[in-house]
Amino acid sequence: MFTPEEVDYLKKELSVFIDKAQQRIAQGDLQNEQRTRIENKLITTVSIVNKLTHLQPDDEKKSASDKVLIVDDVESMRKIHRHYFMECGFKHVDLAPDGYRAFLMMKKAYENGSAYQLIVSDWEMPKVSGLELLKMTRTDAELWRTPFYLISSLNDKKHIIKGINTGATGYMVKPVNQKMVSDKFKAYLS
């Protein structure tokens, strides 16, 4: 496939485009159609960079943190998922009741130098859905690299592809259990 040098080169070049696109969006002078077109290109480019990152050896992907944010509008589900992640070995598992609150928590954690290593969000939520939170994350200049998994009860191919095309790192179909969490997320532990 790609050599490590090629992966680094591609990531560097694509990161330049990401920076420029994020600056363009931040200027706030785009028409709706223009903004949507740039956001879609940005999300696609972010997805490519995140996939390239997964091509690199595991020791280059490891983070110094094991901090995860679980987003779900149902309190009992947040607590169950927290338990699964703590049993898996994550030490810092924070909870958010909706996408809006989650985004604020992500920004604050980043600004405090303790960014989340992983976001796991329910798709179907009031206020700001998981898909909207994913889009906000992928277009944010500071958070776009954060691995982001969507959880949904919808398992049709069209729905899953929409999540992946919006920049999801992965997708899980409910009901989620301890084995699924361990199998999928153990590699994120440092």
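Scroll up a little and you will see the structure.
Residues numbered from 1 in each chain as written. Predicted model: local features only at pLDDT ≥ 70, side-chain atom pairs only at ≥ 80, totals over all residues. Heavy atoms only, no water.

Student: Outline the overall build of the chain, listing residues and values.
Tutor: Helix and strand content of the chain: eight helices and five strands. Along the chain, helices and strands appear, N-terminal first, in the series α-α-α-β-α-β-α-β-α-β-α-β-α. The C-alpha radius of gyration of the chain comes to 16 Å, within 12% of the 16 Å expected for a compact globule of 190 residues. The C-alpha extent of the chain, read off along each of the three principal axes, is 40 × 40 × 40 Å. A buried classification covers 44% of the 190 residues belonging to the chain. Summarising the internal contacts of the chain: among those between residues at least 6 apart in sequence, 68% fall at separations of at least 24. (Helix = DSSP H or I, 4+ residues; strand = E, 2+ residues; numbered from the N terminus. Rg over C-alpha atoms; globule rule 2.2 N^0.38 Å. Buried < 20%, exposed > 50% of the residue type's maximum accessible area, 1.4 Å probe, protein only. Contact = heavy atoms within 4.5 Å.)

Student: Summarise the packing of helix α4 (residues 75–88) against helix α8 (residues 178–185); cite the residues concerned and give the values.
Tutor: Relative orientation of the contacting elements α4 and α8 amounts to 50 degrees, with a least axis distance of 9 Å. Our classification of the angle between α4 and α8 gives oblique. Here α4 and α8 pass one another in a crossing that is right-handed. Between α4, through H83, Y84, F85, E87 and C88, and α8, the contact on the second element is made entirely by Q178, V181, S182 and F185. Split by residue class, the contact of α4 with α8 holds five nonpolar, three polar and one charged. (Axes fitted to C-alpha atoms, helices over the stretch in contact; angles between N-to-C directions. Parallel < 35°, antiparallel > 145°, perpendicular 65-115°, else oblique. Left-handed = near helix turned anticlockwise from the far one by under 90°. Nonpolar A, V, L, I, M, F, W, Y, C, P; charged D, E, K, R; others polar.)

Student: Account for helix α6 (residues 130–138), naming residues and giving values.
Tutor: Every buried residue of α6 is listed here: G130, L131, L133, L134, T137 and R138. For α6, the angular spread of the buried residues around the axis is 160 degrees, confining them to a single face. (Arc of directions from axis to C-beta.)

Student: Outline the sheet that holds strand β3 (residues 118–122), listing residues and values.
Tutor: The five strands are arranged β2-β1-β3-β4-β5 in an open sheet whose pairing can be described as parallel. Taken across any chain shown, the strands that pair with only one partner, and hence form the sheet edges, are β2 (92–96) and β5 (170–173). Pairwise comparison of adjacent strand axes, ignoring direction, gives a mean angle of 20 degrees for this sheet. Here strand β4 (residues 148–152) pairs with β5 via four bridges, running parallel. Paired with S152 across the two strands is V173, which belongs to β5. α4 contacts β1 (67–71), β2, β3 and β4 of the sheet and is inclined by roughly 165 degrees relative to β2. This element, α8, spans β3, β4 and β5 of the sheet and lies at about 170 degrees to β5. (Pairing = 2+ DSSP bridges.)

It is worth stressing that arrangement in space is one thing and function is another; only the former is reported here.
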